[in-house]
Structures are given as C-alpha cells and as structure tokens.
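Spelled out from the first residue to the last, the chains are:
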Amino acid sequence: MGSLVWGFITDFFTYETTKSVVVKSWSVGIINRIVQVFIITYFVGWVFIHEKAYQSIDTGIESSVMTKVKGFGYHHNNVMDVADYVYPPQGAGVFCIMTKLIMTENQFQGKCAETVDAFFCDTDKDCENHLGSILTNGVITGTCLKSENNSTGQCEIEGWCPAEDDNVIIKPMLDVENFTIFIKNSIRFPLFDVTRGNFPSTMTASEIRSCKFHPETNPFCPIFRVGDVLNYTGQSVEKLADKGGEIGINIEWKCNLDLDIHKCIPKYSFTRLDAPFAKNAISKGYNFRFAKYFKTENGTEFRTLHKAFAIRFDVMVTGNAGKFDTIPTLINLVAAFTSIGLGTVLCDIILLNFLKGADQYKAKKFEEVSDAQIEAFLAQSPGSQLSLKQGIKSSYDSGSVSLATSDQPL
C-alpha cells in the first residue's frame, strides 16, 4: 500500500517538456505542409477576409420605417384613392393595399337568418346542436327559420343583421399593379454611433418623384412599383388580387466601417411570406374585416361591414456593422497560430501508428530522465553529451534530435 502511495506521489510531482525530433520523411513532411497550408488558407480567406474576424460587430441595429402609397384604381365602379384602399393609414412598416371589398350595408342589431351553408336546418333541434359556435356571423339562438316555400331553413342568429354573405363574386381591383410605394428608412448602429438613410441626402424632390427602383439601374430610388415588387417574388397582381397575400420587403444593411461611410448602403430583397400556404385550401391568401358606423336621426346605430382582401407588405430591416478592433484580432490570431499545430498532431499519429520504424520514433520522442541520470551527466566533463546511437545526429536546435528515414529499420 505504501509503495502505491509513494508511486502516486512521484508520478504526480513530475514535469514534462517538449522534445523535438526531426523526421526526414518526404511523405510525412508533405502531409505536414499541406495541413498547415490548408489551416492558414482557412483563417486568412474565410475567417479574416470573408467573416472579418478582426472587427468588432454591432448587430443591434436601430431602425425607423415610414411608407406612403400612391395611385388610383376602379372598384365597384368607384374610383378608389389612398384613403380607401390603404390600411392602416399611418404609413408604418406593415401596411395593406386592399384589392377586393365585400360590403354588407345597413346592418342593425337584431335577429336574422344565418347565411353560412353549414347552418341549414330542418328543426330547432338542428340549431340547438350549434349553440355556442364561433363559426357564425352572430350568436345562435336555437331557432330554425324557414320561409313559406322552403322545407329547409337556416338557423337564427342574434347580432348585426342582415348577416354577411361573402360568397358573392366580385372583380378585384387590378389597377394595384401601377400603384407606387415610397419607403423612407433610417438606421443607427449604437455601438459606433453611425446613422444612415436608404437614399442619398443629395437627392432632390423632383428626382425622387421621377425615379423607380431597379436593383441594377436605380438601386437607391425609394419608390417601388407594386407590379415590379410582385415580379421580383415571382408573383403577379392577377394571382394575388382575388385572395390576397403577404409580401416581404427586406432592407439589409451590411456595413464595413473601415471603408468610406458612403459605402454603407442598403440592399433590397423581396419574398412572398405566405408561400407555404399558397396552395392550401384553408386559410389561403390574406383578408380582414372592418366596419364604418353611422347613426339614424333617432340615434339608432348601424354600420357597413367590409371584408377586405388585400396584399400585405412587411418592410423588414436587418443588418450589422463592423469596425477594426484589437481584441478580436488578437484572439483570432492566437487561434490561427494554435490551429497550425494540428499538422504536428496529425503527423505524430501517422508516425506513431502507421509508418515502419514507429518504435524507434517513440523511443526518441518520449524519454524519461531521472535525478540519477542528471547527476551522472553533470559529473562528466564539460561539453560532453549523453551517448547517442550511431546514425542519430544532434540537431543545431537545443534539445532536438534528427532522425532520417534511412535510419529507420525496414
């Protein structure tokens, strides 16, 4: 037991130092250099040049978006302007352009027959089975309403009457294609206190009114034609006007602040956000309801209900900014130099396990030196060395041993 404890103590209080063994082997040398070149190329090309790991990055972009829509269209034989078809009217980053409206006029509070086909009935009991349903236009009363000439009736509801019938066929407003969207976007990177806008401050009012955005010929124009935006997403007004849809306009800011600040410019991309549901039979497109309220002369309230099918636009702002910083540069340089040592690890694995003469390499790479050996060495005459086997030469580097491939047994 005592010997085990003493052995543990002596093993614990030991010191390991690196011993260099120069192996003159073409195959191992080539592998070592290839691995080192690959690692250096990765850090220089990808980490430093592409990913700009020498920079401090600010991803907390602060953004403000303002929008305006312009254009006129015909719907229900009426001329529609911005106040009629844009919702909400505040000009925020999320807005809708209505393409089709189903209006139910002169609705008063009362009781009337439901218009949804799922609520046909023969008796009151059929309607009682629907009590509490939320799929109706009002509260089911449990009464089956029948006209004199029909044996089948409709369940009675209590609410706004007459009930909405959204199965009517209405031609959508295709003039939406020529409407224009003005987008004003300002951003700030708080880490560097840098602010930018999505169009040059030198642009005049006349230049803005006359331009149209194009990703190649006019990338800084803030006026977007609706038809062009839909075309960039592979859609068209004819596809979206009837049922509606959701379109994303992404403004991406990727700024290298080591360069001129005027090179910090936005890049626009467009996508259809509801594409996963475009072919679904349920919840296809985009629609919503709103009402306009009025009062009669005697103070009774009534309303006009609108079911609007619309193209919804979401203006999204993303991005980051980078600037040279000493700390990330040093961290990644240390990581790069450390990773170069992976070539040595790989070569050691090959030498120790796969090449002939592995035992000889192990004997030269790993050597134990005891206190007794050190004392014996010091007792020798100055300038002498511990004996080396014939054929093994001492390197000029301190502590290095050169081992040629020809010295290894076949």
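The structure we're discussing is the one just above.
Residues numbered from 1 in each chain as written. Predicted model: local features only at pLDDT ≥ 70, side-chain atom pairs only at ≥ 80, totals over all residues. Heavy atoms only, no water.

Caption draft 1: Broad picture of the pairing of strand β7 (residues 94-113). Sheet topology places strand β6 (residues 86-87) next to β7; two bridges connect them, and they run antiparallel. Bridge assignment links Y87 to a residue of β7, and that residue is C96. Taken together, β6 and the strand that follows it, β7, pair antiparallel across an intervening segment of six residues, in which G91 is found at a positive phi of about 75°. Across eleven bridges, β7 lies against strand β17 (residues 301-324) in antiparallel orientation. Of the residues in β17, the one forming a bridge with K100 is F309. Pairing geometry for β7 and strand β10 (residues 153-161), over six bridges, is antiparallel. Along β10, the bridge assignment pairs G110 with G159. (Pairing = 2+ DSSP bridges. Helix = DSSP H or I, 4+ residues; strand = E, 2+ residues; numbered from the N terminus.)

Caption draft 2: Representation of the pairing of strand β14 (residues 245-256) in the model. Of all twelve residues that make up β14, nine are buried, and the element is covered over most of its length. Pairing geometry for β14 and β17, over twelve bridges, is parallel. Looking across to β17, one finds that E246 is bridged to R312. The sheet contact formed by β14 and strand β15 (residues 266-272) spans seven bridges and is antiparallel. Bridge pairing in β15 links N250 to S269. (Buried < 20%, exposed > 50% of the residue type's maximum accessible area, 1.4 Å probe, protein only.)

Caption draft 3: Quick look at the packing of helix α2 (residues 26-50) against helix α9 (residues 342-353). Close contact between α2 and α9 brings their axes to 8 Å; oriented N to C, the two are set at 155°. Relative to α9, the element α2 is oriented roughly antiparallel. For the element pair α2 and α9, the recorded crossing hand is right-handed. The residues of α9 that touch α2, namely those facing V28, I31, N32, V35 and I39, are L342, G343, T344, L346, C347, I350 and L351. (Axes fitted to C-alpha atoms, helices over the stretch in contact; angles between N-to-C directions. Parallel < 35°, antiparallel > 145°, perpendicular 65-115°, else oblique. Left-handed = near helix turned anticlockwise from the far one by under 90°. Contact = heavy atoms within 4.5 Å.)

Honestly, it's all geometry; don't read function into it.
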